[in-house]
Amino acid sequence: MPSWVIDRYGRNDVLRFTRNMVFPIIHFPNEVIIKVHAASLNPIDLSMRSGYGATALNMKRDPLKIKGSDTEFPLTLGRDVSGVVMECGLSVSCFKPGDEVWAAIPPWKQGTLSEFVVASGNEVSFKPKCLSHTEAASLPYVGLTAWSAVNQVGGLNRNNCSGKRVLILGASGGVGTFAVQLVKAWGAHVTAVCSHDASTLMKKLGADDVIDYKSGNLEEQLKTLPLFDFILDNVGGSTEKWALDLLKKWSGATYVTLVTPFLINMDRLGVADGMLQTGVTVGSKTVKHLFKGVHYRWAFFMPSGPSLDEIAELVDSGKIQPVIDQVFSFSEVPKAFLKLEGGHARGKTVIDVISKK
């Protein structure tokens, strides 16, 4: 089947189009095969193309080392899919061939820049009725990442979010644009940090305050505002050193970052030492900040069909809309990677897989 694959890690020239990729088969009774209508790119695709996380992901792919070395190649990238179910495993009862679905495929599985992809039934959800496949493909990975950070790790939900002050650092990317809409739908007061040229988009998505990080010292600008109940950090780096001082102390306020050293530690130190180093790092930071009266947390993407069900409800009710920067045809995948690599995207880079261009 047609696919975009890599045979080694590296820069954009490692991407290769093939018409001879092995057709996916159902290995477990809870799996489905999806005909991909549209996919989209995320920063993790750039990272995986370069080999980021290979140690941890290979351990997940082949924990007993049964298959020998280089088991991941040829590797198909792409995490988001919107398409149609073609075949179902014996234990799949929620879906049937012909159903329009969307999903985010975990990074240890073969990806969605392909004609067909296999997913576990519990990773799949019915596509929002109000969206086209191209629109729908822009949401699952960023939506589930934001959902993990805000809801499962941060503890915010539709019942406790009303009136809370939320700060989102790096608000104009894929996760940021989704998170702004999510907490706004739940009634929060949202402060979005982005560059000036994204401020109109942020206001359109519902942000109450928009701070331009280029217009002066960001820390000083934010210190002039009332303290926050929740901070989502999509930026990392030096922001972590001062951002926690913006939280309300001893009130259950939480800082959640999506920029963590987990996979880098495992690439650098190996599985055992990397996991140990990671545990020590997050443990010491959590305790340190707990003594200061705030919660410090890491969050990661987690595949979840049930969470996508809830996201689909919010989309169909008009509370969350896809934010798409540019759509590329399937033949233009390398161009799409270069576009994403250039940075400063306003929303998502989407691939129309079934287009004939």
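Computed from a prediction, not measured in an experiment: that's the story for all the values here.

Of regular secondary structure, the protein chain possesses 12 helices and 16 strands. In terms of overall dimensions, the protein chain has C-alpha extents of about 60 × 45 × 40 Å along its principal axes. The burial tally for the protein chain puts 54% of its 357 residues in the buried class. For the protein chain, contacts bridging at least 24 residues in sequence account for 71% of all contacts bridging at least 6. As displayed, the protein chain has an accessible area near 15,600 Å², and 57% of this comes from carbon and sulfur atoms. Distance between charge centroids for the protein chain: 2 Å, based on 38 positive and 34 negative side chains.

This brings us to the domain arrangement of the protein chain. With domains assigned, the protein chain is organised as domain 1 (3-138 + 322-352) and domain 2 (142-298). Just the C-alpha atoms count here: the centres of domain 1 and domain 2 sit 27 Å apart. Taken together, the contact pairs 16 residues of domain 1 with 19 residues of domain 2. Together domain 1 and domain 2 conceal approximately 1,300 Å² of surface at their shared face, both sides included; 63% is due to carbon and sulfur atoms. Counting across the domain 1 and domain 2 interface gives 1 salt bridge. Between Asp197 and Arg346 there is a salt bridge, and its shortest N-O distance comes to 2.9 Å.

Tallied over the entire structure, the rule returns 1 cavity of 30 Å³ or more. Approximately 50 Å³ is the volume attributed to the largest cavity. Every residue along the wall of the largest cavity is listed here: Ser138, Leu139, Val142, Gly174, Thr177, Phe178, Gln181, Gln321, Pro322, Val323 and Lys348. Here the residues of the lining of the largest cavity sort into 5 nonpolar, 5 polar and 1 charged. When residues of the lining of the largest cavity are sorted by domain, at least three fall in each of domain 1 (3-138 + 322-352) and domain 2 (142-298).

In this section: the nonpolar core. Ranked by size, the top nonpolar core spans 80 residues in total, and within it Leu113, Ile168, Val180, Val183, Met202, Leu232 and Ile351 carry the most contacts. The greatest single-element share of this core, amounting to 7 residues, is contributed by helix H4 (residues 140-153). No fewer than three residues from each of domain 1 (3-138 + 322-352) and domain 2 (142-298) sit in this core. Non-local contacts of Met202, meaning those with residues more than four positions away in its chain, are made with Ala171, Ser172, Thr177, Val180, Ala192, Cys194, Ala207 and Val210. Leu167, Leu169, Leu247 and Tyr296 belong to the second largest nonpolar core, which has 18 residues in total.

Here is what the cut-offs are and how they apply
- Residues numbered from 1 in each chain as written.
- Predicted model: local features only at pLDDT ≥ 70, side-chain atom pairs only at ≥ 80, totals over all residues.
- Heavy atoms only, no water.
- Helix = DSSP H or I, 4+ residues; strand = E, 2+ residues; numbered from the N terminus.
- Buried < 20%, exposed > 50% of the residue type's maximum accessible area, 1.4 Å probe, protein only.
- Contact = heavy atoms within 4.5 Å.
- Areas by Shrake-Rupley, 256 points an atom, 1.4 Å probe, with all protein chains shown as cover.
- Lys, Arg positive; Asp, Glu negative; His and termini not counted.
- Charge placed at Lys NZ, Arg CZ, Asp CG, Glu CD.
- Domains from an automatic or database assignment.
- Buried area = accessible area lost by both parts, 1.4 Å probe.
- Salt bridge = Lys/Arg side-chain N within 4 Å of Asp/Glu carboxyl O.
- 1 Å grid on protein atoms, 1.4 Å probe; cavity = no way out; pocket = protein on both sides within 12 Å on 5 of 7 lines; lining within 4 Å.
- Points joined across faces, edges and corners; volume = space filled by probe spheres on them.
- Nonpolar A, V, L, I, M, F, W, Y, C, P; charged D, E, K, R; others polar.
- Core = buried A, V, L, I, M, F, W, Y, C linked by side-chain atoms within 4.5 Å.

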